[in-house]
Amino acid sequence: MGKAFDLSLVLDFVPELLRYLHITLIVLGGSIVLGLAGGVLLAVPRLYRIPVLSQVATLYISFMRGTPILIKLFLVYYGLPELLKPIGIDLSRTDPLLFVIVTYALSDAASFAEIFRGAVKSVDKGQTEAAYAAGMTSFQSFRRIVVPQALIVAFPNMANTLIGSLKDTSLAFSIGVMDMVGRGQTLISATSHALEVYISLSIVYYVIVIVLEKGFAQAERRLQRHERKRLVHKPVVRAERLKRIAG
């Protein structure tokens, strides 16, 4: 049985949990960077419909998006060493943190791939054709015309994926990673004040998410500033044309 609720312990536990925040951020940062790279690699075959690779990418994305993150974490933690053992690679002493980062990167890659694919396909094909008519190469058209617009479309979903990944990192303790939740479990064992620990964890995660959301909102406004200028400028140009016609 737990001890009587003590609100003062919530404030005592928060600083102790924050000492392990860097572990959570390492998991998040590593998985997002690798996930972005993997997302691009998965999106390209689907966008260009490359035979075989497109089907493999589709199956991979479907599996990753259709299975719980905890199951995937156990599959990587227990399965990867078994797969590599026959070729002489021993992962028995590998830091569990590595397995967590790999798992979250593999999962995030599937989400990012769909985000990138949808964002690129949302760009009007007529703009690409106009770029070709202006003398741009396929690569120049993609880099200068498609990517900037696709990034604006993709950014909100990318931000949501990152925040979701942050919350998913709370499961890393299940394979022995001493992150904030892992430290919380040891505090519960030592003090028997489970409710206070979970309230403290909720506060910490909530504050981090609020900070990230504010940062993403500001970054999104910066990304969209040129689009807003274009939308403001367009009616002005149209009005000037009408005046010239009327004159």
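Rules used in this analysis
- Residues numbered from 1 in each chain as written.
- Predicted model: local features only at pLDDT ≥ 70, side-chain atom pairs only at ≥ 80, totals over all residues.
- Heavy atoms only, no water.
- Helix = DSSP H or I, 4+ residues; strand = E, 2+ residues; numbered from the N terminus.
- Rg over C-alpha atoms; globule rule 2.2 N^0.38 Å.
- Buried < 20%, exposed > 50% of the residue type's maximum accessible area, 1.4 Å probe, protein only.
- Contact = heavy atoms within 4.5 Å.
- Areas by Shrake-Rupley, 256 points an atom, 1.4 Å probe, with all protein chains shown as cover.
- Lys, Arg positive; Asp, Glu negative; His and termini not counted.
- Charge placed at Lys NZ, Arg CZ, Asp CG, Glu CD.
- UniProt positions renumbered as here; feature names shortened; annotations may be inferred.
- Expected span 1.5 Å × (residues − 1).
- Patch = residues over 30% accessible without salt bridge, like charges linked within 9 Å, V, L, I, M, F, W, Y side chains within 5 Å.
- Salt bridge = Lys/Arg side-chain N within 4 Å of Asp/Glu carboxyl O.
- 1 Å grid on protein atoms, 1.4 Å probe; cavity = no way out; pocket = protein on both sides within 12 Å on 5 of 7 lines; lining within 4 Å.
- Points joined across faces, edges and corners; volume = space filled by probe spheres on them.
- Nonpolar A, V, L, I, M, F, W, Y, C, P; charged D, E, K, R; others polar.

Q: I would appreciate a short explanation of the overall build of the chain in the present structure.
A: For the chain, the helix and strand inventory stands at 10 helices and zero strands. Listing each helix as α and each strand as β along the chain from the N terminus yields α-α-α-α-α-α-α-α-α-α. For 247 residues, the compact-globule estimate of 2.2 N^0.38 gives 18 Å, and the chain exceeds it by more than 25% at 24 Å. By principal-axis analysis of the C-alpha atoms, the chain measures approximately 85 × 50 × 25 Å. Residues counted as buried form 34% of the 247 residues belonging to the chain. Looking at the chain alone, contacts between residues at least 24 apart form 79% of all its contacts between residues at least 6 apart. Here the chain has roughly 15,000 Å² of accessible surface; of this, 65% comes from carbon and sulfur atoms. Taken as two groups, the 27 positive and 17 negative side-chain charges of the chain have centres that lie 14 Å from each other.

Q: Hey, could you run me through the UniProt feature "domain: ABC transmembrane type-1" (unreviewed entry) in the chain in this one?
A: On the UniProt side, "domain: ABC transmembrane type-1" (unreviewed entry) is annotated at positions that read residues 17-216 here. Secondary structure across residues 17-216 comprises 80% helix and 0% strand; the distance between its end C-alpha atoms is 25 Å.

Q: What's the story with helix H9 (residues 194-223) in this structure? I'm lost.
A: Taking 1.5 Å per residue, 30 residues should reach 44 Å; H9 reaches 43 Å between its end C-alpha atoms and fits that length. Burial in H9 covers these residues: Glu196, Val197, Ser200, Leu201, Val204, Tyr205, Ile208, Val209 and Phe216. Along its buried surface, H9 packs onto helix H1 (8-18), helix H2 (21-47), helix H7 (138-168) and helix H8 (180-191).

Q: Got a minute to help me understand the environment of Ile32 in this structure?
A: With respect to the helices, strands and loops of the structure, Ile32 is situated in helix H2. Ile32 gets classed as buried once you look at its relative accessible area, which sits at 9%. Between the C-alpha atoms of Ile32 and Ile101, which are 69 residues apart in sequence, the distance is 8.9 Å. In this structure, Ile32 is in contact with Asp108, Phe112, Leu162 and Ser165, ignoring residues within four places of it in sequence.

Q: Looking at this structure, how should I read the UniProt feature "transmembrane region" (unreviewed entry) in the chain?
A: The positions that UniProt labels "transmembrane region" (unreviewed entry) are, in the present scheme, residues 20-44, 56-77, 97-116, 145-166 and 186-212. A helix fraction of 91% and a strand fraction of 0% characterise residues 56-77, whose end C-alpha atoms lie 23 Å from each other. Secondary structure over residues 97-116 splits into 100% helix and 0% strand, and the C-alpha atoms at its two ends are 28 Å apart.

Q: Help me out: how do you make sense of unusual backbone geometry in this one?
A: Peptide bonds are mostly trans, and most non-glycine residues show a negative phi. If you check the backbone angles, Val52 has positive phi at about 70° while not being a glycine. Among the secondary structure elements, Val52 is positioned in the loop between H2 and helix H3 (53-66). Note on Val52: relative accessible area 58%, which makes it exposed. Notably, Ser192 is not glycine yet its phi reads approximately 65°, a positive angle. Position of Ser192 relative to the elements: it lies in the loop between H8 and H9. You can call Ser192 partly exposed: its relative accessible area is 30%.

Q: Looking at this structure, I do not really get a nonpolar patch on the surface. What am I missing?
A: Nonpolar side chains collect at one region of the surface, where Phe5, Leu7, Leu195, Ile199, Ile203, Val207 and Val211 lie side by side and expose about 630 Å² of accessible area between them. Positionally, Val211 belongs in helix H9. Here Val211 falls in the exposed class, since its relative accessible area comes to 55%.

Q: Help me out: how do you make sense of the layout of surface pockets in this one?
A: Unoccupied space between atoms shows up once a probe the size of one water molecule is rolled over them. By volume, the largest pocket amounts to about 550 Å³. Lining the largest pocket we find 17 residues, and of these Leu47, Tyr48, Val120, Lys121 and Lys125 sit closest to its centre. Breaking the lining of the largest pocket down by element, the ones donating at least two residues are H2, H3, helix H5 (96-121), helix H6 (125-133) and H7. With four residues, the single largest contributor to the lining of the largest pocket is H7. Here the lining of the largest pocket is built from residues that sort into seven nonpolar, five polar and five charged. Volume-wise, the second largest pocket comes out at about 360 Å³. For the second largest pocket, the lining is made up of 16 residues, of which Val40, Phe116, Val120, Phe142 and Val147 are closest to its centre. Sorting the residues of the lining of the second largest pocket by element identifies H2, H5 and H7 as the ones contributing at least two each. Broken down by element, the residue count for the lining of the second largest pocket peaks at eight residues, all from H7. Its residues assigned to classes, the lining of the second largest pocket shows 15 nonpolar, one polar and no charged.

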